[in-house]
Amino acid sequence: QKEVEQNSGPLSVPEGAIASLNCTYSDRGSQSFFWYRQYSGKSPELIMFIYSNGDKEDGRFTAQLNKASQYVSLLIRDSQPSDSATYLCAVNWYNFNKFYFGSGTKLNVKP
Amino acid sequence: DVKVTQSSRYLVKRTGEKVFLECVQDMDHENMFWYRQDPGLGLRLIYFSYDVKMKEKGDIPEGYSVSREKKERFSLILESASTNQTSMYLCASSEGQGEWDYGYTFGSGTRLTVV
C-alpha cells in the first residue's frame, strides 16, 4: 500500500509569514510530486510539481524535494488570507500516470 | 484552459438505485480518473483509464464500474447504490505520458448522497 502522509493541521500563520507544509511518502520508486490547493467546497487545483531533488520556485511558492529522506515540502512566502485552504500532496509511482494523495493539511492565514 | 465537466454538482439517490456519474474533458487527454473524497481519508482512486475502451481498477473499485466509449467521456457507475457510497466524487484528466506527468485537472465534483 502506497502511503502519503501529511499533518492534517490546522496550521495557523499570521499574514505575511512563511507557511511550511510537509509531506512524506513510503515508496522510493516515486517519480514525481505535486501540490494541489483545495478551497472548501471546491475541487483541487494544481499549484506546482517537482521531479528532481532540490528546490523549485514559482512566485511565492517553493517546492522542496529530498528523495533520500522521502520528503517533499511546500513553502508559501508572504502568506495571504486568500491562501487559507487545504493543501494536498500527491505522489506518482514509477511510470504510471496515477497519483496517490495525502489527506491534506489545512492552512489558516490570519489577517 | 482544460475543462473537465461533471454533469451534476449535487445528487440524491435512493439505496439500490443504479447511478451514473458523467465526466467530459475537452483537451484530448489520454488519461482519466475517478476518485472519491471523504473527510479524514483524502482522495481514493476508484478507477482509471489510459485509453478508449480501457479501464483499470484503482484502490477501491468494489461496488463501482466504469465506461469509456469515447476518449473525452469517462462514466462512473454505481451498480446498486448504498449509503456508504455517500461521498464527493471527483473526475480528473491528465496528459501525462510515461515517465513525465503534468498533473491532473479536476472537475468541479459531484456530491452524492444515498438515502
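1. Quick look at the pattern of salt bridges
All names here are of chain A. Applying the stated criterion across every chain yields a total of 10 salt bridges over all chains. With a closest N to O distance of 2.9 Å, Asp-83 and Arg-60 form a salt bridge. Here Asp-83, found in the loop between β8 (71-76) and β9 (85-93), pairs with Arg-60, found in the loop between β6 (54-58) and β7 (61-66); they are 23 residues apart in sequence, far enough to count as distant. Among the residues examined, Asp-83 registers a relative accessible area of 1% and is labelled buried.

2. Topic: the state of the cysteines
Residues and elements named next belong to chain B. Counted by the stated rule, this structure contains two disulfides over all chains. There is a disulfide in this structure between Cys-23 and Cys-91, and the S-S distance comes to 1.9 Å. What sets the handedness of the Cys-23 and Cys-91 disulfide is the S-S torsion sign, and at about -75° it is left-handed. With Cys-23 in strand β4 (residues 23-25) and Cys-91 in strand β10 (residues 87-94), this pair connects stretches of sequence that are 68 residues apart.

3. Regarding the pairing of β6 of chain A
All names here are of chain A. Bridge count for β6 against β7 is five bridges, and the pairing is antiparallel. Among the inter-strand pairings, Asp-55 is bridged to a residue of β7, identified as Gln-64. Counting the residues between successive antiparallel strands, the hairpin from β6 to β7 contains two residues, one of them, Gly-59, with a positive phi of roughly 65°.

4. Describing the sheet that holds strand β1 (residues 4-5) of chain A
Residues and elements named next belong to chain A. Read across the open sheet, the five strands follow the order β1-β3-β8-β7-β6; overall the sheet is antiparallel. The open sheet terminates on both sides in strands that have one partner only, identified here as β1 and β6. Across six bridges, the pairing between strand β3 (residues 19-25) and β8 is antiparallel. Following the sheet pairing, Thr-24 is matched in β8 by Tyr-71.

5. Quick word on the side chain of Ser-75 of chain B
Residue and element names in this part refer to chain B. On the secondary structure map, Ser-75 appears in strand β9 (residues 73-78). A polar side-chain atom of Ser-75 sits 2.5 Å from a polar atom in the side chain of Glu-22. Excluding anything up to four places from it in sequence, Ser-75 contacts Leu-21, Glu-22, Trp-34, Ser-65, Val-66 and Ser-67.

What counts and what doesn't
- Residues numbered from 1 in each chain as written.
- Chains lettered and ligands numbered in written order.
- Predicted model: local features only at pLDDT ≥ 70, side-chain atom pairs only at ≥ 80, totals over all residues.
- Heavy atoms only, no water.
- Salt bridge = Lys/Arg side-chain N within 4 Å of Asp/Glu carboxyl O.
- Helix = DSSP H or I, 4+ residues; strand = E, 2+ residues; numbered from the N terminus.
- Buried < 20%, exposed > 50% of the residue type's maximum accessible area, 1.4 Å probe, protein only.
- Disulfide = S-S within 2.5 Å.
- Pairing = 2+ DSSP bridges.
- Polar contact = N/O pair within 3.5 Å; in protein donor to acceptor, adjacent residues only side chain to side chain.
- Contact = heavy atoms within 4.5 Å.

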